[in-house]
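# What the coordinates show
Listed below are the residues making up each chain.
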Amino acid sequence: MGQGLWRVARNQQYQQGFIDHSFLSTEHDSNMNHRRHTQGGMDLYHLLKARKAKDQQGFINLEMLPPELSLTILSYLNATDLCLASCVWQDLANDELLWQGLCKSTWGHCSIYKKRHPPGFSYRNLYMRLDEGSLTFNANSQEGIEYFLSRGILDDSPKEIAKFIFCTRTLNWKKLRIYLDERRDVLDELVTLHNFSNQFLPNALREFFRHIHAPEERGEYLETLITKFSHRFCACNPTLARDLGLSPGKAGERNRNSQTDVCF
């Protein structure tokens, strides 16, 4: 009832000219500006407004942003989308530092990073090859690694392959599990890349199986993983192992007793 009476009174004031419309408009704009300011969006609002006034498109050109921010935005795109984006942002498409950052943010370690690059080398082309090699690996792990080796992206050594696997986040874990089961030399190097110093045993075990996925069924391969983890954990915590009388065999027995709760 009170709200209805208030609307009637306000309508009568409008009809009698008691309310200054310009004052209402000014007050409304002031409130909007204050709201934008309190929400922390003033800078973005003016940036969008300026861009729209300039070219009537309303899109922020990535070339106007800091390189770090552009890299973060583009890192969410796959190789196909990046090729399409390069048709719009020509300068970014030819920026080797940007493509180098995209390569290393997805594939943290490659042997080719440390080599002297031949004339005409392009990180943009390298990105496309890394993406193609990852897709090949996710279809067939052996063919994927062979792809990287044949193009000089990786050196044919267990340590280099292990570092590549450890620092890459695009490989299918099921294919990776099959590959590591077949390449125990690479598995050994991958285990040594883990540092379990001063870690709680269950947390260390979770981290281990986050990088080296356990098989779905118990068997010889799972026993091998538990044994390798135990040796590595004791090697990283020699004082703790000595004070508690912990040996790789005892640690492995504890892990086998609790692996269902910790890993799966």
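Up top is the structure.
Now for a look at the structure at hand. (Residues numbered from 1 in each chain as written. Predicted model: local features only at pLDDT ≥ 70, side-chain atom pairs only at ≥ 80, totals over all residues. Heavy atoms only, no water.)

## A short note on the packing of aromatic side chains
Both the distance between ring centres and the angle between the ring planes are used here to describe each pair of aromatic rings. Test applied: The rule is short: rings of Phe, Tyr and Trp, with Trp giving its six-membered ring, pair when the centres are within 6.5 Å, and they are stacked under 30 degrees, edge-to-face over 60, tilted in between. Secondary structure elements follow DSSP: runs of H or I no shorter than four residues count as helices, runs of E no shorter than two count as strands, and numbering proceeds from the N terminus. Each residue's exposure class comes from its accessible area (1.4 Å probe, protein chains only) as a fraction of the maximum for that residue type: buried when under 20%, exposed when over 50%, partly exposed otherwise.
What the rule picks out here adds up to eleven aromatic pairs. Ring centres of Trp 107 and Tyr 127 lie 5.3 Å apart, and the angle between their planes is 80°; on these two criteria the pair is classed as edge-to-face. Residue Trp 107 is located in the loop between helix H7 (96–106) and helix H8 (123–139), and its partner Tyr 127 is located in helix H8; the two are separated by 20 residues in the primary sequence. Accessibility classification places Trp 107 together with Tyr 127 in one group, the buried group. Arranged with centres 4.8 Å apart and planes meeting at 55°, the rings of Phe 148 and Phe 164 form a pair that is tilted.

## Remarks on the packing of helix H9 (residues 141–150) against helix H11 (residues 173–182)
Quick note on the threshold: To obtain an axis, a line is fitted to C-alpha atoms, over the contacting stretch when the element is a helix, and the angle between two such axes runs from 0 to 180 degrees between their N-to-C directions. Oblique is the label for every angle not falling under 35 degrees (roughly parallel), over 145 degrees (roughly antiparallel), or within 65 to 115 degrees (roughly perpendicular). Contacts are assigned to residue pairs that have any heavy atoms within 4.5 Å of one another. Each residue is assigned to one class: nonpolar for Ala, Val, Leu, Ile, Met, Phe, Trp, Tyr, Cys and Pro, charged for Asp, Glu, Lys and Arg, and polar for all the others, Gly among them.
As a packed pair, H9 and H11 sit with axes 9 Å apart at the nearest point and diverge in direction by 80°. Classed by the angle they form, the pair H9 and H11 counts as roughly perpendicular. On H11, the residues touching Ser 141, Gln 142 and Ile 145 of H9 are Lys 175, Tyr 179 and Glu 182. In terms of residue class, the contact of H9 with H11 is made up of two nonpolar, two polar and two charged.

## Digging into the layout of surface pockets
To be explicit about the condition: Lining residues are those with an atom within 4 Å of a point, where the points come from a 1 Å grid over the protein atoms alone and group into cavities, where a 1.4 Å probe fits but cannot get out, or pockets, open sets with protein on both sides within 12 Å along at least five of seven lines. Grid points are joined across faces, edges and corners, and a volume is the space filled by probe spheres set on the points.
Put simply, the largest pocket is a space of about 190 Å³. Ile 112, Pro 118, Phe 121, Ser 122 and Arg 129 are the residues nearest the centre of the largest pocket, which is lined by 13 residues in total.

## Observations regarding helix H10 (residues 158–166)
All of the buried residues in H10 are Glu 160, Ile 161, Ala 162, Phe 164 and Ile 165. Those residues of H10 that are buried lie in contact with H8, H9, H11 and helix H12 (184–192).

## A look at the environment of Glu 220
Quick note on the threshold: Pairs of N or O atoms are called polar contacts if they sit within 3.5 Å, as long as, within protein, a hydrogen donor faces a hydrogen acceptor (for residues adjacent in sequence, only side-chain-to-side-chain pairs).
Mapped onto the elements of the fold, Glu 220 is located in helix H14 (residues 220–236). With relative accessibility at 54%, the residue Glu 220 sits in the exposed group. Side-chain polar atoms of Glu 220 contact the side chain of Thr 224, separated by 2.9 Å.

## Regarding the state of the cysteines
Short version of the rule: Any pair of cysteine sulfurs within 2.5 Å is marked as a disulfide.
Summed over all chains, the structure comprises zero disulfides. Looking at the unpaired Cys 234, the closest cysteine sulfur is the one in Cys 236, lying at 9.4 Å. With relative accessibility at 12%, the residue Cys 236 sits in the buried group.

## A word on the side chain of His 194
Within the secondary structure layout, His 194 lies in the loop between H12 and helix H13 (201–211). At 3.1 Å, the side chain of His 194 and the backbone oxygen of Leu 190 are in polar contact. Not counting residues up to four positions away in its chain, the partners in contact with His 194 are Phe 166, Glu 207, Phe 208, His 211, Ile 212, Arg 232 and Cys 236.

## A look at the environment of Ile 161
Within the secondary structure, Ile 161 sits in helix H10. It is 8.8 Å that separates the C-alpha atoms of Ile 161 and Ser 111, two residues lying 50 residues apart in sequence. Beyond its immediate chain neighbours, meaning those up to four positions away, Ile 161 contacts Ile 145, Asp 155, Tyr 179, Arg 183 and Val 186.

## As for the side chain of Glu 160
Counting through the fold element by element, Glu 160 comes out in helix H10. Under the relative-accessibility criterion, Glu 160 is labelled buried at 8%. For Glu 160, the residues in contact, after removing those within four places along its chain, are His 109, Ser 111, Lys 114, Leu 154 and Asp 155.

## Notes on the nonpolar core
The following threshold applies: As used in this record, nonpolar core signifies buried Ala, Val, Leu, Ile, Met, Phe, Trp, Tyr and Cys residues forming a set joined through side-chain atoms within 4.5 Å.
In this structure, Tyr 113, Leu 130, Phe 164, Ile 165, Leu 180 and Ile 212 are the most contacted members of the largest nonpolar core, which totals 46 residues. Among the elements that take part in this core, H14 stands out by supplying seven residues, more than any other. Apart from the residues within four sequence positions on either side, Ile 212 is in contact with Leu 180, Leu 187, Leu 190, Val 191, His 194, Tyr 221 and Leu 225.

## Concerning the packing of H8 against H9
For clarity, the cut-off: Here a crossing is taken to be left-handed if its near helix is turned anticlockwise relative to the far helix by less than a right angle, and right-handed if that turn runs clockwise.
Closest axis-to-axis distance for the H8/H9 pair is 5 Å, and the angle between their directions is 155°. The angle between H8 and H9 falls in the class roughly antiparallel. For the element pair H8 and H9, the recorded crossing hand is left-handed. Residue-level contacts link Arg 129, Leu 130, Glu 132, Gly 133, Ser 134, Thr 136, Phe 137 and Ala 139 of H8 to Ser 141, Glu 143, Gly 144, Ile 145, Tyr 147 and Phe 148 of H9. Counted by class, the contact of H8 with H9 contains six nonpolar, five polar and three charged residues.

## Regarding unusual backbone geometry
One non-glycine residue, Asn 198, adopts positive backbone phi at about 60°. Note that Asn 198 resides in the loop between H12 and H13.

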